[in-house]
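A structural walkthrough
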Amino acid sequence: MRHQTLKTCVAVVILCSISLLNAPGAEPPAQSTRRNNAGASARLPEVHLEGTYFSRDGKRFIPVGAHWVPAKAAMQWPVEWDPKDIEADFAKMHELGYSIVRLDMMWAWFEPRPGDYNPTAFQQLDYMVSLAHKYQIYLHPSLFIGGEVGEAYWDVAWRHGRHPHADADMLRLETNLAAEFGRHYANESAIIGWDLTDEPPFWIVGGGATTDSMAINWTRLIVDGIRQYDKLHPIVVGTSGEETGHGPFRADNIAKFVNFFSVHPFTLYASDLFPDPLLSARGTYGAAFEIALSQSAGRPVMIHEMGASTAQFAPERIASYDRAQIYSGLGAGSIGVDLWCYTDASPQQFHKAPYLRTPQETGWGMTTWDRQDKPLAREFKKISQVVRQLDLAGVSPAPAEIGIVIPDEWAKPHGDFSHFGLTGPEVTPYVSTSDADAMPGHAQPDVSAANRWLMGSALTSFVLARRAHLKADFPREYADWAKRPMLFMPSPITGTSDPFLTHIHSDFYENARKYVENGGFLYASVASDGAIPDMASLFGARLVDRAPSSEVTLKIVAPFGELKPGDTFHYTVPTQTIESWGTLLEVTSGRVIAVDQNNNPALVANSIGRGKTLLSAYPIEHYLANVPAVFDQPENTHRIYEAFRDWVGLKPVFRADDPAIEITALNGDHRGYVVVVNHAAQAKNVTITASGVRSASRFEPQGATAIPMDGSGWKMQLGPYEGAIVEWK
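Quick summary incoming for the structure in this document. Remember, it's a predicted structure, so these values are computed and weren't measured experimentally.

Quick notes on the packing of helix α9 (residues 315–332) against helix α10 (residues 375–387)
Contact geometry for α9 and α10: axes closest at 8 Å, N-to-C directions at 25°. Accordingly, the angle class assigned to the pair α9 and α10 is roughly parallel. Crossing of α9 against α10: the hand is right-handed. Mapping the contact onto sequence places Pro315, Glu316, Ile318, Ala319, Asp322, Arg323, Ile326, Tyr327 and Leu330 in α9 and Pro375, Leu376, Glu379, Ile383, Val386 and Val387 in α10. The residue inventory of the contact of α9 with α10, partitioned by class, reads 11 nonpolar, no polar and four charged.

Things to note about the pattern of salt bridges
One pass over the structure, following the stated rule, counts 34 salt bridges. For Asp85, the salt bridge is made with Lys72, and the minimal N-O distance between the two is 3.8 Å. Of the two residues, Asp85 sits in helix α2 (residues 83–95) while Lys72 sits in the loop between β5 (64–67) and α2, which places them 13 residues apart along the sequence. Given the relative accessible area of 13%, Asp85 is considered buried. When salt bridges that share partners are traced, they join Lys72, Asp85, Asp89 and Arg371 into one network.

Overview of the packing of aromatic side chains
Applying the stated criterion across every chain yields a total of 41 aromatic pairs. Plain terms: the ring middles of Tyr269 and Trp364 are 6.4 Å apart, the flat faces sit at 25° to each other, and that makes the pair stacked. With Tyr269 in the loop between β11 (261–263) and α8 (286–295) and Trp364 in the loop between β13 (337–339) and α10, this residue pair connects regions lying 95 residues apart in the sequence. Both residues of the pair, Tyr269 and Trp364, belong to the buried class. Ring-pair connections join several aromatic residues into one group, and the members of that group are Trp107, Phe144, Trp158, Phe202, Trp218 and Phe249. Over the face of the ring belonging to Trp647 we find Lys612, whose NZ or CZ atom lies 4.7 Å from the ring centre.

Remarks on α9
A rise of 1.5 Å per residue sets the reference length of α9, with its 18 residues, at 26 Å; its end C-alpha atoms lie 26 Å apart and thus fit the reference within 8%. Within α9, 15 of the 18 residues are buried, which leaves the element mostly enclosed by the surrounding structure. Two residues or fewer past α9, Gly333 is found with a positive phi of approximately 110°.

Description of the sheet that holds strand β21 (residues 568–572)
Judged by pairing direction, the sheet is mixed, and its nine strands sit side by side in the order β16-β15-β17-β18-β25-β24-β23-β20-β21 without closing on themselves. In this open sheet, the two edge strands, each paired with only one partner strand, are β16 (472–473) and β21. Running at roughly 170° to strand β15 (residues 402–404), helix α12 (residues 448–467) makes contact with β15, β16 and β17 (486–489) of the sheet.

What counts, and at which threshold
- Residues numbered from 1 in each chain as written.
- Predicted model: local features only at pLDDT ≥ 70, side-chain atom pairs only at ≥ 80, totals over all residues.
- Heavy atoms only, no water.
- Axes fitted to C-alpha atoms, helices over the stretch in contact; angles between N-to-C directions.
- Helix = DSSP H or I, 4+ residues; strand = E, 2+ residues; numbered from the N terminus.
- Parallel < 35°, antiparallel > 145°, perpendicular 65-115°, else oblique.
- Left-handed = near helix turned anticlockwise from the far one by under 90°.
- Contact = heavy atoms within 4.5 Å.
- Nonpolar A, V, L, I, M, F, W, Y, C, P; charged D, E, K, R; others polar.
- Salt bridge = Lys/Arg side-chain N within 4 Å of Asp/Glu carboxyl O.
- Buried < 20%, exposed > 50% of the residue type's maximum accessible area, 1.4 Å probe, protein only.
- Phe/Tyr/Trp six-rings, centres within 6.5 Å; stacked < 30°, edge-to-face > 60°.
- Lys NZ or Arg CZ within 6 Å of the ring centre and 35° of its normal.
- Expected span 1.5 Å × (residues − 1).
- Pairing = 2+ DSSP bridges.

All quantities given are derived from atomic positions and should not be read as evidence of function.
Next comes the structure, spelled out in structure tokens:
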């Protein structure tokens, strides 16, 4: 597990001492393998990706587990080889209900010299394979490690400063090693899939040194290396924050080459997006948000790493935090869960790097170093027992009601001009300073501040949609977003600022107008940097001028959904800049729903053809994104989303009577599951309204219990940050 705040501090630790191969007391790996194969249980069946879930023996399942770094040997386990201690870990993981374990293939151990592969390393992996079959836990190997545990970097001694994502010789050697893994394990059913590497780009080359093109080419080459021999195993790249941080390994760049995506939703290390306590309403939406953002690039998504350290947070709060995120992630369609991590570090590790320098890393486990259950272990075991009961045949995540548009400039690789409308011969070729790395000798401009602006509003809109009991996803600008009944464009998507990645192209609005005329429903908020061509024909209002302010109050002046005249919404403006100021509107064909503190139009509704629009003169999502713990205090902006939903006549199949309750569906043919999550610190007695549902059963670890139907729904109790899965028919 890595932390963004530590990536600038790199420790180079080299594993290359073959003399440690047979440490005193260590059992030879080959003997261990033979002994354990003899006593092994039934072999694990092969795993395939079937639609949106993993499948084995023709039955879909959701693998759950954690990343394994042993307590005593830590990242030195290949050279401090202790097969008995490793088997004891597998036995404990089996007891906790693991069906998957992710583990590190230390690059320097497998390839101590360029092109020279260590047979002992492969024998050790063979031993792990035997334990996988014996304890019925799939292995998920992570290749080319690389950075792992805190600020440490475990380099290969022979790299000599070469860039692992760009140097021709490094690329050749990495591709060859990937092929070697494929050759050894092409038909090994105990491996659920290959993780090409953990949290790229490689830290050791420094921030910003890896471009989009490098990430795309590296992924393509490594996948091709594996596929030279291995056609069976699904492939992923274990990325962390690449989507929310707009990194080069983001899902859009690598989608063509991998079979599924992963997310590492460490909200505690993303305070720019999650300015909240660890256990908070916004924080417990972290996994679902990142899944939805990645999923919309066209592949299923798995939670790879997630959690917090008991060296920093109360164990009970960590258990609640992970539990809420796991259930919320499953509702969003997560195809698996692999937490960071299985065990705490042993006290002996406190005396040496990396744990010596990173005290927070000592307590990330769901068990203590001596294999005692922490609160998270107990919660995880219950979750594993619930997930095991699910029949996922024919089931898939329900389609989204809301599409939150992601600009093409954000999704496209740098230097791609395919959507620029340039055709035919040109006297002078078009060049762009915003795609500077497409020109020799130029670096890509820093767009981190703009990306935070976009992601903050996108996250806020996502949470508000959930609080209004609507499912949101993130279709890309040139994707098929029109199939969603509602389209949301929170500022800065409606803006015109540079960097361009924050907003859509000018020609988007032509398609948006057709979408509305044909029966679609469009919501947008604007800041004073807004620019919408022919705006009045779409929203029934046009921009007049900027509206500087430090406090904003919206007052409802006309009935709208369940909003009544006199209802108010109050916001603090975070900065005195054009990205935070609102706009003065001149209303044309629209109807004023709310006015601001100066009695100017603030919310304007409009009808076009068979569709409707709603326009906010203030970037309210941006405001909420900058308020710490905003959803842990009285906050009612979701009522605007609800009112728009009700005005256009959209009725969600499942609704709860409390905005703190998230409810998402996994739908099959006349059956399916509803995942219900309480994102509040208080216990809730909740009423679920379910259109067309005749029976419901709540899954508990010991089995399913029927829930009495009460008219068109049911009632249920949820503790603080508790999740539940209900089967409906």
